[in-house]
Amino acid sequence: MINSVEKAAVLIEALPYLQRFSGNTVVIKYGGNAMLNDELKKSVMQDIIFLKYAGIRPVVVHGGGPEITGMLKKLGKESSFVSGLRVTDAETVDIAEMVLVGKINSEIVKYLNFLGAKAVGLSGKDADLIIAAKHLAKVRENGQVKEVDIGFVGDVLKLNIGIVENFLEQGYIPVISPIGVGKDGATYNINADYVAGELAAALGAEKLALITDVEGIYRDYNDKSSFVSTLSLAEAQEMIKTGSIDGGMIPKVEACVKALAAGVAKTHIIDGRKPHSLLLEIFTTEGIGTEVVKYRRYISG
Ligand SMILES: NC(=[NH2+])NCCC[C@H](N)C(=O)O
């Protein structure tokens, strides 16, 4: 156990961040294992409440891929993927929406309220928050890139952000499901990392924090000793180009790039398998994951 001097040092280390971030918006994407394991879920929920009571305005976007896969299986539907994206027919998008909005979203809202917040659940359909367009999967065939229709998988076309701002003004924590509605009236399932990046951009957030199942970004994803704590936007883009970023990490880095380009000060990729990683990243100098910043000279501390 640490002694009282060390304890005080930990608390005081948070002071400049409390001063800097209080009153500002932080968008948090919550997904992966931290969602399936009860202990980790509790720690993420507590961290979000902590942010709220520190005067920060958290906005939560959640994923739910594994739970959707589980439900589809129960119903006897196998999932198939093209370039990492689920082929989503009309029945599948219905099931995805039921799991995301009906189950996962309402569970997060319930938990946050239980811990002392005022959380409110929103799907992209509420007040037309997320207008979607069909996403075409890109497949490489004989050296050429072909676009493939994989059904009701969407991109964010437009956000009607007013509803989120209203709730933030009133002190609520908005919890958002990555479901959008198309101009054609259809329902689209959207990658939650992208939704979080777009929301951070539209809200002019201070931060975007993506909670994942990995430590952060590696310079070479095959080499676990090449973990990077700080990365610039340009370096991240270069790493996507050269293929040194792992496939599953690409949507996350792209979400960071989108947010940074729109003026978000900092983005973070953090390990949801470590308890309280969100708190450690935001309120300590060194952090625990990878921060992606516009320019490297934007030094923390
Ligand atoms: N991965 C890192 N190097 N993180 C540093 C975080 C610094 C500070 N707590 C912030 O949120 O801005």
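Since this is a predicted model, take the numbers as computed values, not measurements. (Residues numbered from 1 in each chain as written. Predicted model: local features only at pLDDT ≥ 70, side-chain atom pairs only at ≥ 80, totals over all residues. Heavy atoms only, no water.)

Colleague: Would you mind going over helix 6 (residues 90-114) with me for this structure?
Modeller: An α-helix turns once every 3.6 residues. As a result, residues three or four positions apart point the same way. With 25 residues, helix 6 extends 35 Å from end C-alpha to end C-alpha; this agrees with the ideal 36 Å at 1.5 Å per step. When the local axis directions of helix 6 are compared, the greatest deviation, roughly 25°, occurs at Asn105. Within the sequence span of helix 6, burial applies to Thr92, Val93, Ile95, Ala96, Glu97, Val99, Leu100, Ile104, Asn105, Ile108, Val109 and Leu112. Count one or two residues on from helix 6 and you reach Gly116, which has phi positive near 110°. (Helix = DSSP H or I, 4+ residues; strand = E, 2+ residues; numbered from the N terminus. Expected span 1.5 Å × (residues − 1). Bend = angle between axes of the 7 residues up to and from the residue. Buried < 20%, exposed > 50% of the residue type's maximum accessible area, 1.4 Å probe, protein only.)

Colleague: Explain the site of the ligand here, please?
Modeller: By nearness alone, 17 residues border the ligand, and Ser229, Lys266, Ile282, Thr284 and Gly289 come closest of all. Interatomic distance of 2.8 Å between a side-chain N/O atom of Ser229 and a nitrogen atom of the ligand. When the free accessible area of the ligand is taken as 340 Å², the share hidden by the protein chains comes to 99%. Among the elements of the structure, helix 2 (15-21), strand 15 (266-271), helix 11 (277-283) and strand 16 (290-293) are those that each provide at least two residues to the shell around the ligand. Looking at side-chain class alone, the shell around the ligand contains three nonpolar, nine polar and five charged residues. (Near = heavy atom within 4 Å. Polar contact = N/O pair within 3.5 Å; in protein donor to acceptor, adjacent residues only side chain to side chain. Areas by Shrake-Rupley, 256 points an atom, 1.4 Å probe, with all protein chains shown as cover. Nonpolar A, V, L, I, M, F, W, Y, C, P; charged D, E, K, R; others polar.)

Colleague: What is the right way to read the packing of aromatic side chains from this model?
Modeller: One pair of aromatic rings is described through two measures. These are the centre distance and the angle between the planes. For the coordinates displayed, the defined rule picks out five aromatic pairs. Note on Phe152 and Tyr188: the rings are 5.8 Å apart at their centroids and 55° apart in plane angle, and the pair reads as tilted. Of this pair, Phe152 sits in strand 7 (residues 144-159) while Tyr188 sits in strand 10 (residues 187-190), and the two are 36 residues apart along the sequence. Relative to Phe227, the ring of Tyr218 has its centre 6.2 Å away and its plane inclined at 70°; by these criteria the two rings are edge-to-face. The exposure class assigned to Tyr218 is buried, which follows from its relative accessible area of 9%. (Phe/Tyr/Trp six-rings, centres within 6.5 Å; stacked < 30°, edge-to-face > 60°.)

Colleague: Whenever I open this one, the layout of surface pockets confuses me. Can you help?
Modeller: Empty space among the atoms becomes apparent when a probe as large as a water molecule is rolled across them. Of the pockets and cavities examined, the second largest pocket occupies roughly 280 Å³. Considering the residues around the second largest pocket, the lining is formed by Lys7, Val10, Leu11, Ala14, Leu18, Phe50, Leu279, Leu280, Phe283 and Thr284. For the lining of the second largest pocket, the residue count by class is eight nonpolar, one polar and one charged. (1 Å grid on protein atoms, 1.4 Å probe; cavity = no way out; pocket = protein on both sides within 12 Å on 5 of 7 lines; lining within 4 Å. Points joined across faces, edges and corners; volume = space filled by probe spheres on them.)

Colleague: So what exactly am I meant to see when it comes to the nonpolar core here?
Modeller: One recurring pattern in soluble globular proteins is that nonpolar side chains are buried together. Val27, Ile130, Val164, Ile176, Leu208, Ile217 and Val253 are the most contacted members of the largest nonpolar core, which has 44 residues in total. Counting residues in hydrophobic clusters, the runner-up holds 39 residues, among them Met35, Met45, Ala54 and Ile68. (Core = buried A, V, L, I, M, F, W, Y, C linked by side-chain atoms within 4.5 Å.)

Colleague: Before we go on, may I ask you to explain the sheet that holds strand 9 (residues 179-182) in this structure?
Modeller: Strands pair in a sheet through their backbones, by hydrogen bonds, and they do so in one of two ways: parallel or antiparallel. Spatial strand order, 6-7-10-9: four strands in a closed barrel with mixed pairing. Across this sheet, the average inter-strand angle for adjacent strands is 55°, counted without regard to direction. By the bridge criterion, eleven bridges tie strand 6 (residues 130-141) to strand 7 in an arrangement that is antiparallel. Paired with Lys138 across the strands is Glu147, a residue of strand 7. Those strands touched by helix 6 are strand 7, strand 9 and strand 10, and its axis lies near 65° from that of strand 10. (Pairing = 2+ DSSP bridges. Axes fitted to C-alpha atoms, helices over the stretch in contact; angles between N-to-C directions. Contact = heavy atoms within 4.5 Å.)

Colleague: Would you mind showing me how to read the UniProt feature "domain: Aspartate/glutamate/uridylate kinase" (unreviewed entry) in the chain here?
Modeller: According to UniProt, the positions carrying the feature "domain: Aspartate/glutamate/uridylate kinase" (unreviewed entry) are residues 24-271. Helix makes up 39% of residues 24-271 and strand 33%, whereas the separation of the span's terminal C-alpha atoms amounts to 23 Å. (UniProt positions renumbered as here; feature names shortened; annotations may be inferred.)

Colleague: Sorry if this is basic, but what is going on with the UniProt feature "site: Transition state stabilizer" (unreviewed entry) in the chain here?
Modeller: With numbering aligned to this structure, UniProt lists the feature "site: Transition state stabilizer" (unreviewed entry) at Lys29 and Lys252. These annotated residues cover 224 residues of sequence, and their C-alpha atoms all fall within 9.8 Å of one another, placing them together at a single site. Within the fold, Lys29 resides in strand 1 (residues 25-30). Apart from residues no more than four positions distant in its own chain, Lys29 is found in contact with Val61, Gly63, Ala192, Asp193, Ala196, Ala209, Leu210, Ile211 and Lys252. At 2.9 Å, the side chain of Lys29 forms a polar contact with the side chain of Asp193. Looking at where Lys252 falls in the secondary structure, it is placed in helix 10 (residues 250-261).

Colleague: I'm lost on the side chain of Ser43 in this one. Help?
Modeller: Relative to the helices and strands, Ser43 resides in helix 4 (residues 38-53). Of the polar contacts made by the side chain of Ser43, one reaches the backbone nitrogen of His276; its length is 3.0 Å. In contact with Ser43, other than residues within four places in its own chain, are Pro275 and His276.

Colleague: I would appreciate a short explanation of the packing of helix 4 against helix 6 in the present structure.
Modeller: Between helix 4 and helix 6, the least distance of the axes is 10 Å, while the angle of their chain directions is 60°. What the angle tells us is that helix 4 and helix 6 run oblique. Where helix 4 crosses over helix 6, the two elements pack in a sense that is right-handed. Between helix 4 and helix 6, the residues in contact are Lys41, Lys42, Met45, Ile48 and Ile49 and Glu107, Ile108, Tyr111 and Leu112, respectively. Of the residues that constitute the contact of helix 4 with helix 6, the class distribution is six nonpolar, no polar and three charged. (Parallel < 35°, antiparallel > 145°, perpendicular 65-115°, else oblique. Left-handed = near helix turned anticlockwise from the far one by under 90°.)

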